[in-house]
Amino acid sequence: KGPIEHAWLNDVLIGLTFKAQPSENLSLVVNPEFNLSYPFPQEKNFVPSVRPFGSTTINEAYGKFLFGDSDNPLLSARLGMFLYKYSREVRNLGDYMFRTGTFPTYMVNYFDLPAARLLGLCLSSDFIPNLHADLLVTSEYTIFPFGDFSLAGIGSYRLFDAIELGGGIDLARIFPINNKLTS
């Protein structure tokens, strides 16, 4: 017999998504996640190991407004906390523009979730045929110093329905909340 016999060692992650569409051009999304973790090793006199640990987080909570015709909008705006992914083909690794930093140096990577969870405003447009453009104003909420604002732009152009060229720039923390903490 080993120390792991008949023990729950995995985590349980449950996500619920609530969606509402108060008008043709406005939609609201709230997506809380609930996590239940089982500690290991389990020891009688070690308080953190005598019961499962639970936590709740907000995965997404945003409003989306479509400007113009809802079937072919001139512009869409998402405001709140949302998942952002700029490369449809990426499945495991990639999409690091918003998940890495230069100072402090860090990289956030979740297996099978190559997207960034952003807090802010995302303006998107597909109005010009074959051209997609996003403009983002985001606020840092996970890496210290908190609250700094960043400005980013991402665009892609599809040539001959065969090749897609894209690029972007992220002016990270260009508007610091407290200069002494950011510089």
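Residues numbered from 1 in each chain as written. Predicted model: local features only at pLDDT ≥ 70, side-chain atom pairs only at ≥ 80, totals over all residues. Heavy atoms only, no water.

Asks: So what exactly am I meant to see when it comes to the packing of aromatic side chains here?
Replies: Each pair of aromatic rings is reported with the distance of its centres and the angle of its planes. Inspection of the entire model under this criterion finds five aromatic pairs. On the numbers, 6.4 Å between centres and 40° between planes, the contact of tyrosine 84 with tyrosine 86 is tilted. Among the residues examined, tyrosine 84 registers a relative accessible area of 3% and is labelled buried. Here the aromatic rings of phenylalanine 144 and phenylalanine 146 are separated by 6.0 Å at their centres, their planes lie at 85°, and the arrangement is edge-to-face. In this structure, arginine 78 packs its charged tip against the face of tyrosine 62, placed 5.9 Å from the ring centre. (Phe/Tyr/Trp six-rings, centres within 6.5 Å; stacked < 30°, edge-to-face > 60°. Buried < 20%, exposed > 50% of the residue type's maximum accessible area, 1.4 Å probe, protein only. Lys NZ or Arg CZ within 6 Å of the ring centre and 35° of its normal.)

Asks: Mind showing me how you'd approach the environment of glycine 63 here?
Replies: If you trace the backbone, glycine 63 turns up in strand S4 (residues 53-67). Sequence separation between glycine 63 and isoleucine 154 is 91 residues; the distance between their C-alpha atoms is 21 Å. If we skip the residues at most four places from it in the chain, glycine 63 touches Ser27, Leu28, Ala77, Arg78 and Leu79. (Helix = DSSP H or I, 4+ residues; strand = E, 2+ residues; numbered from the N terminus. Contact = heavy atoms within 4.5 Å.)

Asks: Would you mind showing me how to read unusual backbone geometry here?
Replies: Excluding glycine, residues mostly have negative phi values, and the peptide bonds linking residues are mostly trans. Cis peptide bonds are those with omega within 30 degrees of zero, and the linkage from phenylalanine 144 to proline 145 qualifies with -5°. Turning to its location among the elements, proline 145 is positioned in the loop between strand S9 (131-139) and strand S10 (149-159). Here asparagine 130, not a glycine, exhibits a phi torsion of approximately 70°, which is positive. With respect to the secondary-structure elements, asparagine 130 resides in the loop between strand S8 (116-125) and S9.

Asks: How do you make sense of the pairing of S8 when you look at a structure like this?
Replies: It is a general feature of regular strands that their side chains alternate between the two faces of the sheet. The pairing of strand S5 (residues 75-84) with S8 spans nine bridges and is antiparallel. Bridging from a neighbouring strand, serine 76 pairs with serine 124 of S8. Direction of pairing for S8 relative to S9: antiparallel, over a ladder of six bridges. Within S9, the position partnered with cysteine 122 by the bridge is leucine 136. Counted between consecutive antiparallel strands, the loop separating S8 from S9 contains five residues, among which asparagine 130 sits at a positive phi close to 70°. (Pairing = 2+ DSSP bridges.)

Asks: How should the pattern of salt bridges be read in this particular structure?
Replies: Pairing between side chains of opposite charge can happen when the charged atoms of each approach one another. Taken as a whole, this structure holds three salt bridges when the rule is applied. Residues glutamate 164 and arginine 158 are paired through a salt bridge, measuring 3.8 Å at the closest nitrogen-oxygen approach. Looking at glutamate 164, the relative accessible area reads 33%, which means it is partly exposed. One salt-bridge network, in which partners are shared between bridges, spans Glu140, Asp148 and Arg173. (Salt bridge = Lys/Arg side-chain N within 4 Å of Asp/Glu carboxyl O.)

Asks: What should I look at first to understand a nonpolar patch on the surface in this one?
Replies: Among the surface-exposed residues, Val12, Ile14, Leu16, Phe18, Val30, Phe34, Leu36 and Ile58 lie close enough to one another that they form a single nonpolar patch of about 620 Å² accessible area. For the nonpolar patch, the elements supplying multiple residues, two or more each, are strand S1 (11-15) and strand S3 (26-37). For the nonpolar patch, the leading source of residues is S3, giving three residues. Positionally, phenylalanine 34 belongs in strand S3. Judged by relative accessible area, phenylalanine 34 falls into the partly exposed class, the value being 32%. (Patch = residues over 30% accessible without salt bridge, like charges linked within 9 Å, V, L, I, M, F, W, Y side chains within 5 Å. Areas by Shrake-Rupley, 256 points an atom, 1.4 Å probe, with all protein chains shown as cover.)

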